[in-house]
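Structure assessment
Below, each chain spelled out in residue letters.
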Amino acid sequence: MIIKVFLIASVAMAGWWLLRSSGGRQLAATRLGGLLFAASWVTAVMAPDLVSRVANLMGVGRGTDLVLYLLVVAFLFSSIAQRQRLRTVEERLATVARSQALLELELARRTDERERVPES
Amino acid sequence: MDQTTVVLVPMYNEASVVGTVVAELREHFATIVCVDDGSSDDSASVARTAGALVLRHPVNLGQGAALQTGFDLLSRRPGTGLTVTFDADGQHRVADAVAMVEASRRTGVDVLLGSRALGSTTDQPLARRLLLAAALRYSRWSTGLALTDTHNGLRVLSRRAIGAIRLRQPGMAYATELESAITQSRLSWAEHPTTIAYTEYSRRKGQSNLNAFNIVYDLTSQRLRSAL
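Residues numbered from 1 in each chain as written. Chains lettered and ligands numbered in written order. Predicted model: local features only at pLDDT ≥ 70, side-chain atom pairs only at ≥ 80, totals over all residues. Heavy atoms only, no water.

As recorded by an unreviewed UniProt entry, chain B carries the name Glycosyltransferase family 2 protein and is attributed to Nocardioides oceani. Among the UniProt annotations of chain B, the heading Sequence similarities (unreviewed entry) holds the following wording: "Belongs to the glycosyltransferase 2 family." (UniProt positions renumbered as here; feature names shortened; annotations may be inferred.)

The name an unreviewed UniProt entry assigns to chain A is DUF2304 domain-containing protein, from the organism Nocardioides oceani.

This is the structure:
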């Protein structure tokens, strides 16, 4: 029984964290997926037999195996999504750094010109 | 003194050598542009004191990103003729750069690549030789160009080439990306013999041999993505 409380509490906390930290750019699909995941997680914890029955229907021996397989797939997708996000962020960072470098140079050039004017 | 050619030197923590490199280049070229890729030492002020124009990345992005920053500046700057890319660690000879600029002017080629295979190399470690052989085979396969060397930092680029090349790989994989741009933008190209001196310094500073795997991985995934 203690494990059930712990597992459900953990997913509830994860859900709360997800909702709290999400910005406006979060996709509806991701949110829906998260809610669906939370619901199925609670169901699976409350009724382990149900997971086993679904597993048998899909040709998987045990419910735990089914959960593990789904977890691996979910992890794979989430890693790829993170990688792509990181890549986009890196490209943006390069663009920002580049424009800052060019701006700095332009600024230095103009300051030089202004300093030179009184001399001439 | 060459007034229209610009030498582009990407640098990252090279304060101990970049001053000499810039000073030597200044004997032949009027404009030296150093792109400081977020160095934590005083590379930028050393290069500036030596007479270079210095651009600074606020954070470290990689050599490919540093070169692209230089290209962005030079493609906007009026009066830029040819652009020479030159490593900051002192492995290239200034005489090679001068000879390559002359050859590029004579032939009017868009991209002139330095080649160790046509020239010579001093004290190249065995591991580096094997790594470069593999990198070369990969570059030939992925770009379709009959190259004799790759990842040689010494190149001469025309204004047209500077405008056509857009490096998106921030790290070392940019070398093959640059070669691919030759095919994609139908730039004319040639190779020119150069000498690389593997000094104790450049060996210590150079990229690790394991990084070759990263380069191949980056480029293959990029190729697959553009094929999809």
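**Details of the layout of surface pockets**
Its boundaries defined by the atoms lining it, the second largest pocket holds a volume of some 1400 Å³. Around the second largest pocket sit 47 residues that line it, and A:R87, B:R168, B:Q169, B:Q222 and B:R225 are the ones nearest its centre. Put simply, the parts of the chain that give the lining of the second largest pocket at least two residues each are α4 (63-116) of chain A together with α5 (126-143), α7 (174-184) and α9 (211-227) of chain B. Looking at the lining of the second largest pocket, the element that brings in the most residues is α9(B), giving 12 residues. In the lining of the second largest pocket, the residues fall into 20 nonpolar, 16 polar and 11 charged. (1 Å grid on protein atoms, 1.4 Å probe; cavity = no way out; pocket = protein on both sides within 12 Å on 5 of 7 lines; lining within 4 Å. Points joined across faces, edges and corners; volume = space filled by probe spheres on them. Helix = DSSP H or I, 4+ residues; strand = E, 2+ residues; numbered from the N terminus. Nonpolar A, V, L, I, M, F, W, Y, C, P; charged D, E, K, R; others polar.)

**As for the sheet that holds strand β6 (residues 155-157) of chain B**
Residue and element names in this part refer to chain B. If you trace the 7 strands from one edge of the open sheet to the other, you get β3-β2-β1-β4-β6-β5-β7, paired in mixed fashion. This sheet does not close on itself; its edge strands, each paired only once, are β3 (53-56) and β7 (189-197). The sheet shows a mean angle of 25 degrees between the axes of neighbouring strands, direction not considered. Taken strand by strand, helix α1 (residues 15-26) contacts β1 (2-11) and β2 (29-36), and its axis lies near 155 degrees from that of β2. (Pairing = 2+ DSSP bridges. Axes fitted to C-alpha atoms, helices over the stretch in contact; angles between N-to-C directions. Contact = heavy atoms within 4.5 Å.)

**A closer look at the side chain of B:D110**
Residues and elements named next belong to chain B. Of note, D110 is situated in the loop between α4 (94-107) and β5 (111-122). At 2.6 Å, the side chain of D110 and the side chain of R160 are in polar contact. In contact with D110, not counting residues within four places along its chain, are V156, L157, S158, R160, A161, L187 and S188. (Polar contact = N/O pair within 3.5 Å; in protein donor to acceptor, adjacent residues only side chain to side chain.)

**Section: the environment of B:L8**
All names here are of chain B. In this fold, L8 is placed in strand β1. A relative accessible area of 0% places L8 in the buried class. In the structure, L8 is positioned 140 residues away from T148 in sequence and 23 Å away in space, judged by C-alpha atoms. For L8, the contacting residues outside a window of four places in its chain are V33, V35, L67, G70, F71, L74, T83, V84, T85 and F86. (Buried < 20%, exposed > 50% of the residue type's maximum accessible area, 1.4 Å probe, protein only.)

**Describing the packing of α5(B) against α7(B)**
All names here are of chain B. At a minimum axis separation of 9 Å, α5 and α7 run at an interaxial angle of 30 degrees. Considered as vectors, α5 and α7 are oriented roughly parallel to each other. Handedness of the crossing formed by α5 with α7: right-handed. Every residue of α7 that contacts α5 at S139, S142 and T143 is listed here: T176, E179, S180 and T183. (Parallel < 35°, antiparallel > 145°, perpendicular 65-115°, else oblique. Left-handed = near helix turned anticlockwise from the far one by under 90°.)

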